[in-house]
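Understanding the architecture of this molecule
One letter stands for each residue in the lines below.
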Amino acid sequence: MKVPRGGCCHRARTGRRDAKKPQSIRMLTESSIVPMPILDPAAIDAVLPQTQCTQCGYAGCLPYAEAIANGSADINQCPPGGDAGIHALAAVTGLRYARLNPAHGAHQPYVVAVIDETQCIGCTICIQNCPVDAIVGAAKVMHTVIAVECTGCELCVAPCPVDCIALITMPPTHPAMTNKDSAASTARTRHRARLARLGRQAEERMRKNCAPPPSEMRAETAPAAIGSPEHKRHSIAAAQARARTRRDRADTP
Ligand code: SF4
Ligand code: SF4
Ligand code: SF4
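Sequence positions are assigned chain by chain, starting from 1 and proceeding in written order. Going through the entries in the order they are written, you letter the chains from A and number the ligands from 1. In keeping with the predicted nature of the model, local features appear solely for residues at pLDDT of at least 70, side-chain atom pairs appear and are counted solely at 80 or more, and the whole-chain, interface and lining totals rest on all residues.

**Topic: the overall build of the protein chain**
Helical segments are the DSSP runs of H or I of at least four residues, strand segments are the runs of E of at least two, and each set is numbered from the N terminus. Within the protein chain, the regular secondary structure consists of ten helices and four strands. Tracing the protein chain from N to C terminus, the helices and strands come up as α-α-α-α-α-β-α-β-β-β-α-α-α-α. Buried positions account for 19% of the 253 residues belonging to the protein chain. Here the C-beta atoms are placed from the backbone, and a residue counts as buried if at least 20 other C-beta atoms lie within 10 Å of its own, exposed if 12 or fewer do, and partly exposed otherwise.

**Some words on unusual backbone geometry**
Despite not being glycine, T54 shows a phi value in the positive range, around 70°. Locating T54 in the fold gives a position in the loop between α3 (41–45) and α4 (61–69). According to the C-beta neighbour criterion, T54 is partly exposed, with 17 such atoms within 10 Å.

**Here's the deal with the environment of A90**
Its location among the elements puts A90 in helix α5 (residues 82–93). In this structure the C-alpha to C-alpha distance between A90 and I75, which are 15 residues apart in sequence, comes to 7.1 Å.

**Observations regarding helix α8 (residues 180–210)**
To estimate the expected span of a helix, count its residues, drop one, and scale the result by 1.5 Å. Across its 31 residues, α8 extends 45 Å between first and last C-alpha, which sits within 8% of the 45 Å expected from 1.5 Å per residue. What α8 keeps buried is the set A183, A184, A187, R188 and H191. Any residue pair is listed as a contact if its two C-beta atoms, each placed from the backbone, are within 7 Å. The elements touched by buried residues of α8 are α7 (175–178).

**Regarding α4**
Buried within α4 we find C61, L62, Y64, A65, I68 and A69. Looking down the long axis of α4, one finds its buried residues gathered within 160° of arc, a one-sided arrangement. Looking at the buried positions of α4, the neighbouring elements they touch are α3 and α5. Directly after α4, the chain includes G71, whose backbone phi takes a positive value near 85°. What the arc covers is the set of directions going from the helix axis to the C-beta atoms.

**Brief notes about the nonpolar core**
For the purposes of this analysis, a nonpolar core is taken to be any set of buried Ala, Val, Leu, Ile, Met, Phe, Trp, Tyr and Cys residues that are connected through C-beta atoms within 7 Å. Ranked by size, the top nonpolar core spans 15 residues in total, and within it A113, C126, C130, A134, I135, C156 and I165 carry the most contacts. Looking at this core, the elements with two or more residues in it are β1 (111–115) and α8. It is α8 that provides the largest number of residues to this core, a total of three residues. A113 has contacts with V145, C150, C156, V157, I165 and L167, leaving out every residue within four places of it along the chain. Membership of the second largest hydrophobic core comes to 14 residues, among which are L48, A69, I75 and I86.

**Examining the environment of D45**
Looking at where D45 falls in the secondary structure, it is placed in helix α3. Along the backbone, D45 and E66 are 21 residues apart, and their C-alpha atoms lie at a distance of 8.1 Å. Beyond its immediate chain neighbours, meaning those up to four positions away, D45 contacts C61, L62 and A65.

**Focus on the confidence of the model for the protein chain**
On a range of 0 to 100, pLDDT expresses the predictor's confidence in each residue. Here the protein chain averages 83 in pLDDT, while 69% of its residues score no lower than 70. Residue range residues 1–28 is modelled with pLDDT below 50. Its contacts to residues more than four positions away, or to other chains, number eight contacts. Here residues 216–222 scores under 50 on pLDDT; set against residues more than four positions off or in separate chains, the count is one contact.

Structure follows, in structure tokens:
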């Protein structure tokens, strides 16, 4: 039989896998284990722009921060943060700087959304897509963007069925231009409030769906058929209740 080279030959001789690893392999495996730094998602989220645009490939800034922390995302996936954002992420995480990955888009000047109210049909689709609740309106009435709350995420633009939402350059007076950190903090709070509200609404819907349908509720409260075991049980319970009432009255001075 032809004896294989290297490790297989070694295993064939010893009969035990890795029982006697060559010195060079032992040194390599022991010295090459670099412990993954423990990263704090909140600290990473704190340096993200909070646009909540999902361009990074995650549902928002915090999920992206969590993905960086657990090693499943790179630090160069956030176009709104741009180069400065990648440097900030590198500083917070200790991970190596890398240029923005173009697969996630390019860093662009900041914008805000504006609705052409003469065209709006009040379908509410834009409200449902806005991650920071920056649009006000109701069904069948015109909608408006609250410009100071708009992060320019663009998520409302494509779904509008009449194409009446435009993006304009963010004015220099916008909070994101005058105080970036404060604007990011506000956007984070608004986004979390929205998620909490959507969570409550989903729970409420589930509770309603789990409630017995009206027909079952009627069946529970409907009188039992005379002579049925159910009817006898109710009759006995009613008789016992009447007897208790009579006894209580008799005991009363
Ligand atoms: S700003 Fe957009 S791309 Fe950047 S982390 Fe937040 S959701 Fe992701
Ligand atoms: S109004 Fe549109 S662009 Fe502005 S935050 Fe909401 S979804 Fe994004
Ligand atoms: S999606 Fe367009 S048409 Fe519908 S409410 Fe929003 S702005 Fe109006």
